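Fold and geometry: a report
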Amino acid sequence: QVETRRDVAEALIGALGVLKLPDFYTRLHAAGVTDTGGALLILFGLAVLSGWSFASLKLLLIAVFLLLTAPVVTHLLAQSAHAGGREPLLGSGAR
């Protein structure tokens, strides 16, 4: 239970970072990292809590699916934002 609580806290701290970052791309990066990392840690913690069972196998398969798809979705969001004309804040213009 301690691991799962720590993982939830890590995801919440990452969510606060999304609120504090200055532009779309840095927020997207923070959201992608904390979404993938936080969800994976939570799923692994739940798999450990459930022991060696069919439920833990399902949780691990969900984790693998999330590990493969979440970074791709984040990249596609950034690519479509760039194609749509959204420019990143660079240099001293970033707050």
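Residues numbered from 1 in each chain as written. Predicted model: local features only at pLDDT ≥ 70, side-chain atom pairs only at ≥ 80, totals over all residues. Heavy atoms only, no water.

With respect to the helices and strands, the residue Ser56 is situated in helix α3 (residues 54-83). Within the structure, Ser56 has its side chain in polar contact with the backbone oxygen of Gly51 (distance 2.9 Å). Residues in contact with Ser56, not counting those within four places in the same chain, are Ala47, Ser50 and Gly51. (Helix = DSSP H or I, 4+ residues; strand = E, 2+ residues; numbered from the N terminus. Polar contact = N/O pair within 3.5 Å; in protein donor to acceptor, adjacent residues only side chain to side chain. Contact = heavy atoms within 4.5 Å.)

What follows deals with helix α2 (residues 24-50). Helix length check: α2, at 27 residues, gives a terminal C-alpha distance of 38 Å against a target of 39 Å (1.5 Å per residue), a fit within 8%. Buried within α2 are the following residues: Tyr25, Leu28, Ala30, Gly32, Thr34, Thr36, Gly38, Leu40, Leu43, Gly45 and Ala47. Positive backbone phi, approximately 75°, marks Gly51, located one or two places after α2. (Expected span 1.5 Å × (residues − 1). Buried < 20%, exposed > 50% of the residue type's maximum accessible area, 1.4 Å probe, protein only.)

All right, on to α3 then. The α-helix winds at 3.6 residues per turn, so residues separated by three or four positions along the chain end up facing the same way. If you check α3, its first and last C-alpha atoms are 43 Å apart, about what 30 residues at 1.5 Å a residue would give, namely 44 Å. Helix geometry: α3 is bent most strongly at Leu66, by close to 25°. Of all the residues in α3, the buried ones are Ser56, Leu59, Ala63, Leu66, Ala70 and Ala81. Where the residues of α3 are buried, they touch α2. Where α3 begins, the capping side chain belongs to Ser53, and its oxygen is found 3.4 Å from the backbone nitrogen of Ala55. A positive phi of about 100° marks Gly85, the residue just after α3. (Bend = angle between axes of the 7 residues up to and from the residue.)

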